[in-house]
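Structural characterization, general
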Amino acid sequence: MEKEKRSLFQRFLLWREKNIKEKQFILILSFLVGIFTAITALILKMLIHWIQNFLTNNFNTTEANYLYLVYPVVGIFLAGLFVRYVVKDDISHGVTKILYAISRRQGRIKRHNTWSSVIASSITIGFGGSVGAEAPIVLTGSAIGSNLGSVFKMEHRTLMLLVGCGAAGAIAGIFKAPIAGLVFTLEVLMIDLTMTSLLPLLISAVTAATVSYITTGTEAMFKFHLDQAFEMERIPYVIMLGIFCGLVSLYFTRAMNSVEGLFGKLKGPYQKLALGGVMLSILIFLFPPLYGEGYDTIELLLNGTSNADWDTVMNNSFFYGHGNLLLLYLMLIILFKVFASSATNGGGGCGGIFAPSLYLGCIAGFVFAFFSNKFDFSYYLPEKNFALMGMAGVMSGVMHAPLTGVFLIAELTGGYDLFLPLMIVAASSYLTIIVLFLFLTCQSIQKRRWNVSKATISTGVFSTGFIAVAIVVAVFVNLVAGKVTDKSSWASIDMTASKLYSITDDTKKMLKKINDDVVIYVMAAKDGSDDTIKKTLKNYENSSKHISVEYKDTKLNPYFYADYTDSAPTSNSLIVVNKKTNKSKVVDYNNIYEADTSSYYTTGSTSYTGYDCEGQLDSAISYVLSDKNPVVYQITGHDEIGMGSKFSDAISKMNCDVEEIKLASMDSLSVDDCEMIMILGPTKDYSKDETQKVIDYLNAGGKAIIACEAYKSAQTDKPNFESILEAFGVKVVEGVIAENDTDFYSNQ
């Protein structure tokens, strides 16, 4: 029976050689590799999630969970037993093994690698190992490609190509990222880029991604919604983020090598288990986000919109409920993540550094933006955008693969709108790593060439000088960035003498404290709107993630205003709306510019003497965000002159609700009922009872604006009204006051 089976297979091989060309058969094999690797990736993800949910589903989010001290040790122990007694081979460092197979073994990978890494890594990560499943699945996919080629007696060049197909399919299948899978194979595994190799790689990647789409849906792995589009003025900060990610990458790789070197010095597996288990368990107990791959934390930081959302990252820990410690908490995670990952693999677990790189990058980017916003180092930097860019930066620095970092993050999140900043961050991080490695290599050469004392002195001086220069450069870049990006954009720096469309620091501070989303509707098409107002609004958008601007063409939307006001505002007017409460306020275009009409009747033109867009907008935003507006009583019933338009606009800008009252119909005036009272030029006298009510109100701490009529005549004697003023040391006298400065003339 055995011989019959062999002969059948051999007959198939002979038939294939005669009827199917080599290139065509490679395409068929690449298609099969894509299917098998995608299915394997799905199995691995399902196992990890099932184990993790089974173990942690009943954890209390409001307090520390002591099982975090147990699960990681159990996971490392079980994975170690499996590797030692079942596999009986080293299966760690998957990418390294693939590179070794390509360079030394002519593309041949052991058969057990088609399944061993899946089982070992699912146990390790499911029980809390702080590593990723991507490197194990890449090794598994490459092993599938290698062994499938070996079964069909393919030559070693084809085996190496199928190894690359397996890697491309693994990345595409587990991340739903076919382009990243292709680029990873070319950039990291360095498979030759020819049409002969490109098509099989592409088929495997697309096939694997398609299988994932069919089984798990077409949504990106991480849901990401771009709330604020990328602005060119943020480029200096994006470059700085790339440098920061490069430093984090260097720290991660160097620290991991050092810690794994420490584990390598331990002889027995149980010594490694003890050290790794203790390190990992304590770290996960103190920082639960270190449990497993950490993708829940990435999802949270990419989709959170407020401190209340981000604070949930501290659930299940002693830090729960201490939102003021969020920044410190995340910085400590950046510091200790490398120890958790190293302890997992060093203690006997199985996992890769893909997920830790993405995890660290997301937190690093978030911390960079959150720190800048918290301490007002720049105008607002969107935390979720920078978290996304940070993922590309650290991936680029750790894997030395900037293209993989860019395409992987774009496909992982659907964040194609941030493609340019992703490229900038990845390139900056990669260049930072290259420069630092050259510097460290020079140091190493110096140490070997000189004696110890001289090398120590030289290295110390060189290191100190390098650090000093780096600090000076960073400070200089930050200062330049602050100057350049504080305005609307590089192409529209505010060069006006009065800083016409810049906004003040007080406004920026006010905007940073906003928690509700506010939208500013401009009653004009964007192309035809007032250019100065447009630039001012851009500064508002850049200063807060909660401010957005939308342009409404009144020709296309003639009745858009009806939801917010009864009468149609003039063109270029603004409607400010609180999206949560739908409270709104109209800022009329005529109130934004201060007009001088004194020459209208002689010249037929009106000149504009002032620009108050910032003041009007601040007032409107404060109004729509406030729960209750101050009430001002305007006393009537004495034929008052009333307030002019200028005074009325000023009161409206203060967001005061004016209520007209008659003292005769009230028992008393209370300071609790209103912020102040207004007596505006009565032409008839008050009664004694009304007079006493006003005096009692003022004596109780009330505030008042009191105006007299413009001139006094025998018919307008008001002794009771004047007694109110005299009670507080003010006396009405006749006279004329002349204002010589025409800038203070009123045109009412």
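Everything below is about the structure printed above this text.
Basis of the calculations
Residues numbered from 1 in each chain as written. Predicted model: local features only at pLDDT ≥ 70, side-chain atom pairs only at ≥ 80, totals over all residues. Heavy atoms only, no water. Pairing = 2+ DSSP bridges. Helix = DSSP H or I, 4+ residues; strand = E, 2+ residues; numbered from the N terminus. Axes fitted to C-alpha atoms, helices over the stretch in contact; angles between N-to-C directions. Contact = heavy atoms within 4.5 Å. Right-handed = clockwise from strand over helix to strand, strands pointing away. Polar contact = N/O pair within 3.5 Å; in protein donor to acceptor, adjacent residues only side chain to side chain. Salt bridge = Lys/Arg side-chain N within 4 Å of Asp/Glu carboxyl O. Buried < 20%, exposed > 50% of the residue type's maximum accessible area, 1.4 Å probe, protein only. Left-handed = near helix turned anticlockwise from the far one by under 90°. Nonpolar A, V, L, I, M, F, W, Y, C, P; charged D, E, K, R; others polar. Core = buried A, V, L, I, M, F, W, Y, C linked by side-chain atoms within 4.5 Å. Phe/Tyr/Trp six-rings, centres within 6.5 Å; stacked < 30°, edge-to-face > 60°.

With respect to the sheet that holds strand β9 (residues 676-680)
Taken in spatial order, the four strands of this open sheet run β8-β7-β9-β10, and their pairing is parallel. In this open sheet, the two strands that pair with only one neighbour each are β8 (657-662) and β10 (704-707). For this sheet, the mean angle separating the axes of adjacent strands, direction not counted, is 25°. As judged from the six bridges shared by strand β7 (residues 631-636) and β8, these two strands associate in the parallel manner. Among the inter-strand pairings, T636 is bridged to a residue of β8, identified as K662. Contacts from helix α26 (residues 688-699) reach β7, β9 and β10 within the one sheet, and its direction differs from that of β9 by about 140°.

Focus: the pairing of β10
Sheet topology places β9 next to β10; four bridges connect them, and they run parallel. Across the sheet, M678 pairs through a bridge with I705, a residue of β10. For the handedness criterion, the β-α-β arrangement of β9, α26 and β10 is classed as right-handed.

Quick word on the side chain of E383
Within the fold, E383 resides in helix α16 (residues 383-399). At a separation of 3.0 Å, a polar atom in the side chain of E383 contacts the side chain of N373. Residues in contact with E383, not counting those within four places in the same chain, are W310, F366, A369, F370, N373 and K545.

As for the side chain of Q634
Position of Q634 among the secondary structure elements: in strand β7. Filtering out sequence-adjacent residues up to four positions away, Q634 remains in contact with G642, M643, V658, E659, E660, I661, M678 and L680.

Topic: the pattern of salt bridges
Per the counting criterion, the structure on display carries six salt bridges. With a closest N to O distance of 3.3 Å, K110 and D89 form a salt bridge. Taken together, the residues K110 in the loop between α4 (94-104) and α5 (116-126) and D89 in the loop between α3 (71-87) and α4 connect sequence positions 21 residues apart. The exposure class of K110 is partly exposed, given its relative accessible area of 41%. When the shortest N-O distance is used, the salt bridge between K535 and D531 registers 3.2 Å. Taken together, the residues K535 and D531, both in helix α21 (residues 531-543) and four residues apart, mark about one turn of the helix.

Quick look at the sheet that holds strand β1 (residues 518-522)
Spatially, the four strands line up as an open sheet ordered β2-β1-β3-β4, and their pairing is mixed. The open sheet has two edge strands with one neighbour each: β2 (547-551) and β4 (584-587). Strand after strand, the sheet turns through a mean of 20° between neighbouring axes, direction not considered. Across five bridges, the pairing between β1 and strand β3 (residues 574-578) is antiparallel. Bridged to V519 within β3 is V577. Along the sheet face, α21 touches β1, β2 and β3 and points at about 150° away from the line of β2.

Remarks on unusual backbone geometry
In this structure, N572 is a non-glycine residue whose phi angle is positive, near 75°. Within the secondary structure layout, N572 lies in the loop between β2 and β3. Of note in this structure, N582 is not a glycine but carries a positive phi near 65°. With respect to the element layout, N582 can be found in the loop between β3 and β4.

Some thoughts on the packing of helix α2 (residues 22-56) against helix α7 (residues 156-175)
Running from N to C, α2 and α7 cross one another at 40°; their axes reach a closest spacing of 8 Å. For the crossing formed where α2 meets α7, the hand is right-handed. On the side of α2, the interface is formed by E22, I26, L29, S30, V33, T37, A41 and K45, while α7 contributes T158, L161, L162, C165, G166, G169, A170, G173 and I174. Partitioned by chemical class, the residues of the contact of α2 with α7 number nine nonpolar, six polar and two charged.

A few points about the nonpolar core
Within the largest apolar cluster, 128 residues are counted, with the highest numbers of intra-cluster contacts made by F175, F184 and L358. For this core, the element with the most residues is helix α15 (residues 354-374), which contributes 13 residues. Core analysis: the next-biggest nonpolar cluster, separate from the first, contains 25 residues, L511, I533, L574 and V624 among them.

Looking at the packing of aromatic side chains
Here the distance between the centres and the angle between the planes together describe a pair of aromatic rings. In total, this model carries 28 aromatic pairs according to the counting rule given. A centroid spacing of 6.1 Å and a plane angle of 5° characterise the contact between F59 and Y71, whose relative ring orientation is stacked. Of this pair, F59 sits in the loop between α2 and α3 while Y71 sits in helix α3, and the two are twelve residues apart along the sequence. Just as F59 is buried, Y71 falls in that class too.

A few points about the pairing of β3
Counting buried residues along β3, five of its five residues qualify, which places the element largely inside the surrounding structure. Where burial is concerned, the two faces of β3 agree: the one with L574, V576 and N578 and the one with I575 and V577 are both buried. In this structure, β3 lies alongside β4, joined through four bridges in antiparallel fashion. Counterpart to I575 in the pairing with β4 is V586. In textbook terms, the turn of a hairpin is the stretch between consecutive antiparallel strands, and for β3 and β4 this stretch comprises five residues, one of which, N582, has a positive phi near 65°.

Purely spatial values, then, with no claim about function.
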